[in-house]
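# Coordinate inspection notes
Next come the chains, spelled out residue by residue.
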Amino acid sequence: MKVSVDDDVCGGHGVCVMLCPEVFVLEDAGYARAVVEEVPAEHEAAVREAEIRCPTRAIRVQ
């Protein structure tokens with residue numbers, strides 16, 4: 001599974017970081033980014049939850 005954050009859409013709410021800090025971080029500018037290209041299997045459920053809960057729908061999972 002691959003994940004990315006659309007920085008044009010991200011509102012910096014940090015929900016993804018709270019749900020899966022192993023995959024997402026907040027940059028100094030306050031917006032999220034994924035720190036891995038391939039999501040480890042043990043974090044896939046948390047990443048899917050972050051995708052669903054993202055208030056701005058900025059997370060893309062493939």
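Residues numbered from 1 in each chain as written. Predicted model: local features only at pLDDT ≥ 70, side-chain atom pairs only at ≥ 80, totals over all residues. Heavy atoms only, no water.

### Focus: the overall build of the protein
Rule in force here: For helices the rule is a DSSP run of H or I covering at least 4 residues; for strands it is a run of E covering at least 2, with both sets numbered from the N terminus onward. In this scheme, a residue with accessible area under 20% of its type's maximum is buried, one over 50% is exposed, and one in between is partly exposed, where area comes from a 1.4 Å probe on protein chains only. Contacts are assigned to residue pairs that have any heavy atoms within 4.5 Å of one another. Computed with a 1.4 Å probe, the accessible areas rest on the Shrake-Rupley method; for each residue, only the protein chains presented here act as cover. Counted as positive: Lys and Arg. Counted as negative: Asp and Glu. His and the chain ends are not counted at all. Where a charge lies is defined by one atom per residue type: Lys uses NZ, Arg uses CZ, Asp uses CG and Glu uses CD.
Scanning the protein from terminus to terminus reveals 2 helices and 4 strands. What you see in the protein, going N to C, is helices and strands ordered as β-α-β-β-α-β. Overall, the C-alpha framework of the protein stretches about 30 × 20 × 20 Å when taken along its three principal axes. Within the protein, the proportion of its 62 residues that are buried is 32%. Of the contacts formed within the protein by residues at least 6 apart in sequence, a portion of 56% connects residues at least 24 apart. Total accessible area computed for the protein in this model is approximately 3800 Å², and 48% of it derives from carbon and sulfur atoms. Charge centroids of the protein, computed over 6 positive and 12 negative side chains, lie 6 Å from each other.

### A look at unusual backbone geometry
Positive phi is not limited to glycine here, since Arg57 has a value of about 60 degrees. Assignment of secondary structure puts Arg57 in the loop between α2 (44-53) and β4 (59-61).

### Remarks on the pattern of salt bridges
Heads up, the rule is: We count a salt bridge whenever a side-chain nitrogen from Lys or Arg sits within 4 Å of a carboxyl oxygen from Asp or Glu.
Enumeration according to the criterion identifies 4 salt bridges in this entry. For Arg33, the salt bridge goes to Glu27, with nearest N and O atoms at 1.9 Å. Two residues, Arg53 and Glu49, come together in a salt bridge whose shortest N-O distance is 2.8 Å. Of this pair, Arg53 and Glu49 both sit in helix α2, 4 residues apart, which is roughly one turn of that helix. What makes Arg53 partly exposed here is its relative accessible area of 49%. Looking at Glu49, the relative accessible area reads 31%, which means it is partly exposed.

### A closer look at the nonpolar core
Just so we agree on the cut-off: Definition of nonpolar core: a set of buried residues of the types Ala, Val, Leu, Ile, Met, Phe, Trp, Tyr and Cys, connected through side-chain atoms within 4.5 Å.
Val3, Val5, Val23, Phe24, Val47 and Ile59 are the most contacted members of the largest nonpolar core, which totals 17 residues. Not counting residues up to four positions away in its chain, the partners in contact with Val47 are Met1, Val3, Cys20, Val23, Phe24, Val39 and Val61.

### Some words on the environment of Ala41
With respect to the element layout, Ala41 can be found in the loop between β3 (32-34) and α2. Between the alpha carbons of Ala41 and Met1 there is a distance of 8.2 Å; along the sequence they are 40 residues apart.

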